[in-house]
Amino acid sequence: MKTVPFFRIELSEAEIAEVVDTLRSGWLTTGPKTRRFEEAFAASVGATHALALNSCTAALHVAVEALGLGPGDGVLVPTMTFAATAEVVRYLSGVPVLVDCEPGTCNIDLGHAEQILADHGKGIRAPGMSAGSRIVGVMPVHYGGDMVDVGAVRTLAARHGLWVVEDAAHAFPAAWRPSEDAPWQRCGDNTGDVTCFSFYANKTITTGEGGMAVTSSPELADRMRRMSLHGLSHDAWGRYTSSGAWDYRIVDAGYKYNLTDIASALGLHQLRRAEELRQARETRAGWYTARLGASREVMVPASRSTRRHAWHLYPIQLRTEALAVTRDQVMSGLRSNGVTASVHWRPLHLHPYYKERFGYAAGHCPAATAVFDRNLSLPLFPGLTVDEVDYVVAALQRACEVPATV
Ligand SMILES: Cc1ncc(COP(=O)(O)O)c(C=O)c1O
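Trainee: Would you take a moment to explain the packing of helix 5 (residues 110-121) against helix 6 (residues 150-160) for this structure?
Mentor: How two helices pack is summed up by the angle between their axes together with the distance between the axes. At a minimum axis separation of 11 Å, helix 5 and helix 6 run at an interaxial angle of 5 degrees. Comparing their axes, helix 6 and helix 5 come out roughly parallel. Along its contact with helix 5, which presents Leu110, Ala113, Glu114 and Leu117, the element helix 6 presents Ala152, Val153, Leu156, Arg159 and His160. Classifying every residue of the contact of helix 5 with helix 6 by side-chain character gives 6 nonpolar, 1 polar and 2 charged.

Trainee: Can you help me understand the side chain of Gln270 in this one?
Mentor: In this fold, Gln270 is placed in helix 9 (residues 261-272). Overall, Gln270 belongs to the buried group, its relative accessible area being 5%. Contact partners of Gln270, with chain neighbours within four places excluded, come to Leu11, Glu15, Ile205, Thr206 and Leu277.

Trainee: What am I meant to see in the site of the ligand here?
Mentor: Of all residues adjacent to the ligand, which total 14 residues, the nearest are Thr57, Asp167, His170, Ser198 and Lys203. Here an oxygen atom of the ligand sits 2.9 Å away from a polar atom, N or O, in the main chain of Cys56. Between the ligand and His170, the relevant distance is 2.8 Å, taken from an oxygen atom to a side-chain nitrogen or oxygen of the residue. For the ligand, whose unbound accessible area comes to 400 Å², protein coverage reaches 91%.

Trainee: Looking at this structure, I do not really get helix 3 (residues 56-66). What am I missing?
Mentor: Because an α-helix completes one turn every 3.6 residues, residues spaced three or four positions apart along the sequence face the same direction. Summarising burial for helix 3: 10 of the 11 residues are buried, a large majority. For helix 3, the elements touching its buried residues are strand 1 (49-53), helix 4 (83-91), strand 5 (163-168), strand 8 (194-198), strand 9 (211-215) and helix 7 (218-228). For helix 3, the capping residue at the N-terminal end is Ser55, with a side-chain oxygen 3.3 Å from the backbone nitrogen of Thr57. Of the residues trailing helix 3, Gly68 is marked for its positive phi of about 85 degrees.

Reading the values: the criteria
- Residues numbered from 1 in each chain as written.
- Predicted model: local features only at pLDDT ≥ 70, side-chain atom pairs only at ≥ 80, totals over all residues.
- Heavy atoms only, no water.
- Axes fitted to C-alpha atoms, helices over the stretch in contact; angles between N-to-C directions.
- Helix = DSSP H or I, 4+ residues; strand = E, 2+ residues; numbered from the N terminus.
- Parallel < 35°, antiparallel > 145°, perpendicular 65-115°, else oblique.
- Contact = heavy atoms within 4.5 Å.
- Nonpolar A, V, L, I, M, F, W, Y, C, P; charged D, E, K, R; others polar.
- Buried < 20%, exposed > 50% of the residue type's maximum accessible area, 1.4 Å probe, protein only.
- Near = heavy atom within 4 Å.
- Polar contact = N/O pair within 3.5 Å; in protein donor to acceptor, adjacent residues only side chain to side chain.
- Areas by Shrake-Rupley, 256 points an atom, 1.4 Å probe, with all protein chains shown as cover.

Read these as spatial facts, not as claims about activity.
In structure tokens:
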């Protein structure tokens, strides 16, 4: 039987050679290649400061810490996200206030965010928020690489005095513009206070594990850099080079989040190929849309003229009302035909931790609850062949017709 994986990593010989070169260079941990990766990444998104870290989760954590998130503070977090976005709020004993999604894009529903803020002002508290507590920030996620309306986020944040940390784990390289005749704004182009990217193995560019935090604020950049390396007064690169001093100072209780030069070696090469890889994903997304766009069984993701989509994911929604099978049966049907699909995601408000710790229930975020019954992500990666796309589409059509027997 043919199989189509959810993701297939394809590294170039130049990328492998650069990693080997690093292994031979005598410098494995954070060093010259990481500095070059940071500078090149900042230039490629148009950011002033970039800090390479060992994951996007680490980037989100140092971002909210640098912004002063404290115990009991509320942060607006979309329920349609991965664990990381909300858990970093919990690391600092803050309260993730879960916001519903737009049914089409699955991005944060800013109307619901406004409603929560208005209710908060009237003393109607979101789950987990206590009397006297404040909502201090918002963390939009660019779902699948399709950017949130950043202008609307900025307006909301300015109106309510919130900071903005963009979770751009899926959104490199991506761009946004308010209208077709407006100039493009790149994701990370100093849009939020801090924007955080992921270089996990199946992301749009990869360092195996890795992340980047970018900001226009020198104060936030300094604080994040310090906290990412044990709260030391300067980093290990400085410490171990001939020009660096041995005598660091511990100025705060920080974390150990720095990225290695081995990972950055890969990142430097991937960065150069980022637009080529994005276009390869976009082409493959187009192949799916050409085959599924008119389908009665599924809805395909939108491709908007005001977005340059990173196409980390190709998420579809099943028209379950017209089908005799459930999403889970379609997933099983795909699997029994050798196709690995995934679901992004079970929304946070339907996970045991958020239900039990804060009292969330399906009705808190009805749009996301409904999407969860319908959504699944098809395999999408630059090396996916047209034959594989045809195979996935045929397997999907079969799975939508017949309940899987497995
Ligand atoms: C939306 C989102 N945010 C954050 C992360 C965490 O990224 P990392 O694995 O680099 O920590 C992920 C991981 O997939 C994600 O999907």
